[in-house]
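The chain contents come next:
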Amino acid sequence: MDKLKELYNKYYYISPLELADFAETNRRRNSYWCLMCLFIYIALSFKIWFQFPNVAIDRNLFFVFLCISAADVLCSHLLSRAVKNVSREKAWIIKNIPVYVVFVWGMSGSAYIFHCLQSPFFALMHFFGAVSIMFAVFHLVPPAFMIVFLAGAGALLSGIYRSFGYIGAESFSVVALLIAFLSLYKRYTEKLYLSLLKRQKKVFEARTFGNFTLLHENKAVKFSRSKTLELIAYLIVKNGSSVNTRELLCALYGDYADSARYGSSLRALISDARHIFSEMEIQNFFTAEYNSFRINPEAIKCDYYDFLSGDPAAQKLYAGQFMSQYSWAEDTAAFLSQKALSK
């Protein structure tokens, strides 16, 4: 057992802090995916109920399946929204809970369809569809994925043997084991990717005490729009946490800024940042996806981050001013001043 644990740590273990950005990606994708699933379940029920009145499925049992499925994905969607602001240290564990709420029902629902609705083909489609989506859309948690997946496969195995015989059960078992090993391989590639990023030097330096300056190779980064620098400054203060469109609009244009008027301006800033970072061939710093924006704090050296980590040099350097050109930074400046006085 100790040998297996040692091998797992060597090839597959990644610290939760390193996986914080993956966790946020999982949370955001799950939030939208759940709404899509809710629509699919409802649309499928109407199609079977009205267009195929003689379909060979117990409608009462199917209605139970639909209700449980709808409740499950709705619960997962609400959980995804509730855990948005979890700290980076806890993000990988907590933000993945909504994802596995859906996945557990995906496996359980397949068994329900197989044994209660007596529909092997639909059950297998549901089973492999849920697994495929987990692979394609989400970053996996290998131990949790294996437990849920193998439990779901085991629940189907006896029914597959009855319905398809020995060959069917053998083929299903081989595919299930292959998927389990592929989940480990996916984690292995993610570990290599994160290791590569860690070996890279920090591509930016941010000076936040006084006026904010962003440096690359000891030269100030110049954007086409002045507000783009403020956008990056705000995301740096967020220290890798995801920020939505509404929050950015309020920070950059005031509390009463509305997306109808300022949305195009924000999109222009995002495009400007992407263009500049692309010209620098920097891919691992700025992430802008639908209603979700963040930076990678691992790719930047920042006096603010050093201060928060307790670095004496950074704490001595702070003289009461923080990103002085931005009014929204005043609260952070007050926090830093209070923290400096308590030392």
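Our subject is the structure that appears above.
Residues numbered from 1 in each chain as written. Predicted model: local features only at pLDDT ≥ 70, side-chain atom pairs only at ≥ 80, totals over all residues. Heavy atoms only, no water.

The next subject is the overall build of the chain. In terms of regular secondary structure, the chain is built from 13 helices and six strands. Its C-alpha atoms put the chain at 75 × 55 × 40 Å along the principal axes. Look at the contacts in the chain between residues 6 or more apart in sequence, and 69% of them connect residues 24 or more apart. Surface summary for the chain: the accessible area is close to 18,700 Å², and the carbon and sulfur share equals 61%. Taken together, the 36 basic and 26 acidic charged side chains of the chain have centroids lying 2 Å from each other. (Helix = DSSP H or I, 4+ residues; strand = E, 2+ residues; numbered from the N terminus. Contact = heavy atoms within 4.5 Å. Areas by Shrake-Rupley, 256 points an atom, 1.4 Å probe, with all protein chains shown as cover. Lys, Arg positive; Asp, Glu negative; His and termini not counted. Charge placed at Lys NZ, Arg CZ, Asp CG, Glu CD.)

Here the focus is the environment of Ile 40. Inspection of the secondary structure assignment puts Ile 40 in helix α2 (residues 20–51). Sequence separation between Ile 40 and Ile 68 is 28 residues, and the spatial gap between their C-alpha atoms is 14 Å.

With that settled, the discussion passes to the nonpolar core. Ranked by size, the top nonpolar core spans 48 residues in total, and within it Leu 214, Ile 236, Phe 285, Phe 286 and Phe 322 carry the most contacts. When residues no more than four places from it in sequence are discounted, the contact partners of Ile 236 are Ala 206, Phe 212, Leu 214, Ile 295, Ile 300, Cys 302, Tyr 304 and Tyr 305. (Core = buried A, V, L, I, M, F, W, Y, C linked by side-chain atoms within 4.5 Å. Buried < 20%, exposed > 50% of the residue type's maximum accessible area, 1.4 Å probe, protein only.)

Reading across the sheet, the four strands line up as β3-β2-β1-β6 and stay open at both edges, with mixed pairing between neighbours. The open sheet has two edge strands with one neighbour each: β3 (219–220) and β6 (300–302). As paired elements, strand β2 (residues 213–216) and β3 share two bridges and run antiparallel to each other. Bridge pairing in β3 links Leu 215 to Ala 220. Those strands touched by helix α8 (residues 226–237) are β1 (204–207), β2 and β6, and its axis lies near 95 degrees from that of β2. (Pairing = 2+ DSSP bridges. Axes fitted to C-alpha atoms, helices over the stretch in contact; angles between N-to-C directions.)

Moving on, we get to the pattern of salt bridges. Summed over the entire model, instances satisfying the criterion amount to eight salt bridges. One salt bridge connects Asp 21 with Arg 294, and the closest N-O pair in it is separated by 3.8 Å. With a gap of 273 residues between them, Asp 21 in helix α2 and Arg 294 in strand β5 (residues 292–295) connect regions that are remote in the sequence. By the burial criterion, Asp 21 is buried, and Arg 294 matches it. Where Glu 205 meets Arg 207, a salt bridge forms, and the shortest distance between an N and an O atom there is 3.4 Å. Look at Glu 205 and you get partly exposed, because its relative accessible area is 24%. Bridged by salt links that share partners, the residues Glu 24, Arg 27 and Lys 95 form one connected network. (Salt bridge = Lys/Arg side-chain N within 4 Å of Asp/Glu carboxyl O.)

With that out of the way, let us pick up the state of the cysteines. Evaluated as defined, the whole model comprises zero disulfides. No disulfide involves Cys 67; its sulfur sits 15 Å from the nearest other cysteine sulfur, which is in Cys 116. We classify Cys 67 as partly exposed; its relative accessible area is 37%. (Disulfide = S-S within 2.5 Å.)

So, on to helix α6 (residues 120–137). Because an α-helix packs 3.6 residues into every turn, residues spaced three or four apart end up facing the same way. Taking 1.5 Å of rise per residue, the 18 residues of α6 would be expected to cover 26 Å, and the 25 Å separating its terminal C-alpha atoms lies within 8% of that figure. For α6, every residue scored as buried is listed here: Phe 122, Ala 123, Leu 124, His 126, Phe 127, Ala 130, Val 131 and Met 134. (Expected span 1.5 Å × (residues − 1).)

Before going further, it helps to spend a moment on a nonpolar patch on the surface. Residues Leu 4, Leu 7, Tyr 11, Leu 178, Leu 182, Tyr 185, Tyr 188 and Leu 192 make up a contiguous nonpolar surface patch of about 770 Å² in total accessible area. Elements represented by at least two residues in the nonpolar patch include exactly α1 (2–11) and α7 (142–199). Among the elements that line the nonpolar patch, the one with the most residues is α7, at five residues. Within the fold, Tyr 185 resides in helix α7. Take Tyr 185: its relative accessible area is 52%, and that puts it in the exposed class. (Patch = residues over 30% accessible without salt bridge, like charges linked within 9 Å, V, L, I, M, F, W, Y side chains within 5 Å.)

This brings us to the packing of helix α5 (residues 97–115) against α6. Axis separation between α5 and α6 bottoms out at 7 Å; the angle between their running directions is 165 degrees. When the axis of α5 is compared with that of α6, the two are roughly antiparallel. Handedness of the crossing formed by α5 with α6: left-handed. Contacts between α5 and α6 pair Val 99, Tyr 100, Phe 103, Trp 105, Gly 106, Met 107, Gly 109, Ser 110, Ile 113 and Phe 114 from the former with Pro 120, Phe 122, Ala 123, His 126, Phe 127, Ala 130, Val 131 and Met 134 from the latter. (Parallel < 35°, antiparallel > 145°, perpendicular 65-115°, else oblique. Left-handed = near helix turned anticlockwise from the far one by under 90°.)

With that settled, consider the side chain of Ser 292. Structurally, the position occupied by Ser 292 is in strand β5. Accessibility expressed as a relative area gives 1% for Ser 292, which makes it buried. A polar side-chain atom of Ser 292 sits 3.4 Å from a polar atom in the side chain of Arg 28. A polar side-chain atom of Ser 292 sits 2.8 Å from a polar atom in the side chain of Ser 242. With sequence-adjacent residues up to four places away left out, Ser 292 is seen in contact with Glu 24, Arg 28, Ser 242, Val 243 and Thr 287. (Polar contact = N/O pair within 3.5 Å; in protein donor to acceptor, adjacent residues only side chain to side chain.)

Between α8 and helix α9 (residues 245–253), the least distance of the axes is 10 Å, while the angle of their chain directions is 120 degrees. Of the possible angle classes, the one that applies to α8 and α9 is oblique. Two packed elements cross with a definite hand, and for α8 against α9 that hand is right-handed. Taken together, the residues of α9 that come into contact with α8 (itself represented by Lys 227, Glu 230, Leu 231, Tyr 234 and Leu 235) are Glu 247, Leu 248, Ala 251, Leu 252 and Tyr 253. By residue class, the composition of the contact of α8 with α9 is seven nonpolar, no polar and three charged. (Nonpolar A, V, L, I, M, F, W, Y, C, P; charged D, E, K, R; others polar.)

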